Amino acid sequence: RRATEVPLDIMRTVRAWSTSDYLAHHGSRIARSDAGVSAAFARAAVDGASLNVYINAADGRPRKALRVREEASAIASTTRERCDELFDFVVKEVS
């Protein structure tokens, strides 16, 4: 059970959009680049944690494993989309 809960908790926690998004849109050029780095790290953390959820869920009960994988997939999808949008915005702003 803990084998999926810890990485899933990491995925839930990584969603720190408000600060990074605010810095990207209203901060100095230096703060904007930091927001881009934050987006890149957030995406990497969620992608890595999702791999751990998927592999560890395979060893669990089928019904719970499905629920856990679905939650992980939803978080990963949303995180990738928001991180990519934020990163692309920052690249345009600091280039």
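Everything in this summary refers to the structure shown in the same document. What you see is a predicted model, and the numbers here were worked out from it, not measured in a lab.

1. Digging into the overall build of the protein
Then, number 1: The helix and strand inventory of the protein stands at four helices and zero strands.
Then, number 2: Listing the helices and strands of the protein from first to last along the sequence gives α-α-α-α.
Then, number 3: Oriented by its inertia axes, the alpha-carbon framework of the protein measures out at about 50 × 15 × 15 Å.
Then, number 4: Split into buried and exposed, the 95 residues of the protein put 33% on the buried side.
Then, number 5: The long-range fraction of contacts in the protein, counting pairs at least 24 apart against all pairs at least 6 apart in sequence, stands at 78%.
Then, number 6: Here the protein displays about 6,000 Å² of accessible surface, and carbon together with sulfur accounts for 55% of that area.
Then, number 7: The protein carries 15 positive and 13 negative side-chain charges, and their two centres are separated by 6 Å.

2. Let's talk about the pattern of salt bridges
Then, number 1: Counted according to the given criterion, the structure contains nine salt bridges.
Then, number 2: Among the ionic pairs, glutamate 93 bridges to arginine 32, the shortest N-O distance being 2.8 Å. Placement of the pair is glutamate 93 in helix H4 (residues 62–94) and arginine 32 in helix H3 (residues 29–57), with a sequence separation of 61 residues.
Then, number 3: The exposure class of glutamate 93 is partly exposed, given its relative accessible area of 31%.
Then, number 4: By relative accessible area, which is 16% here, arginine 32 ends up buried.

3. Details of the nonpolar core
Then, number 1: Grouped together as the largest cluster of nonpolar side chains are 17 residues, with contacts concentrated most on Leu8, Met11, Ala24, Val46, Val53, Ala72 and Ile75.
Then, number 2: Where this core is concerned, the elements lending two or more residues are helix H1 (2–13), H3 and H4.
Then, number 3: Counting residues per element, this core draws most heavily on H4, which supplies seven residues.
Then, number 4: For alanine 72, the contacting residues outside a window of four places in its chain are Leu8, Met11, Val53 and Tyr54.

Conventions and cut-offs
Residues numbered from 1 in each chain as written. Predicted model: local features only at pLDDT ≥ 70, side-chain atom pairs only at ≥ 80, totals over all residues. Heavy atoms only, no water. Helix = DSSP H or I, 4+ residues; strand = E, 2+ residues; numbered from the N terminus. Buried < 20%, exposed > 50% of the residue type's maximum accessible area, 1.4 Å probe, protein only. Contact = heavy atoms within 4.5 Å. Areas by Shrake-Rupley, 256 points an atom, 1.4 Å probe, with all protein chains shown as cover. Lys, Arg positive; Asp, Glu negative; His and termini not counted. Charge placed at Lys NZ, Arg CZ, Asp CG, Glu CD. Salt bridge = Lys/Arg side-chain N within 4 Å of Asp/Glu carboxyl O. Core = buried A, V, L, I, M, F, W, Y, C linked by side-chain atoms within 4.5 Å.

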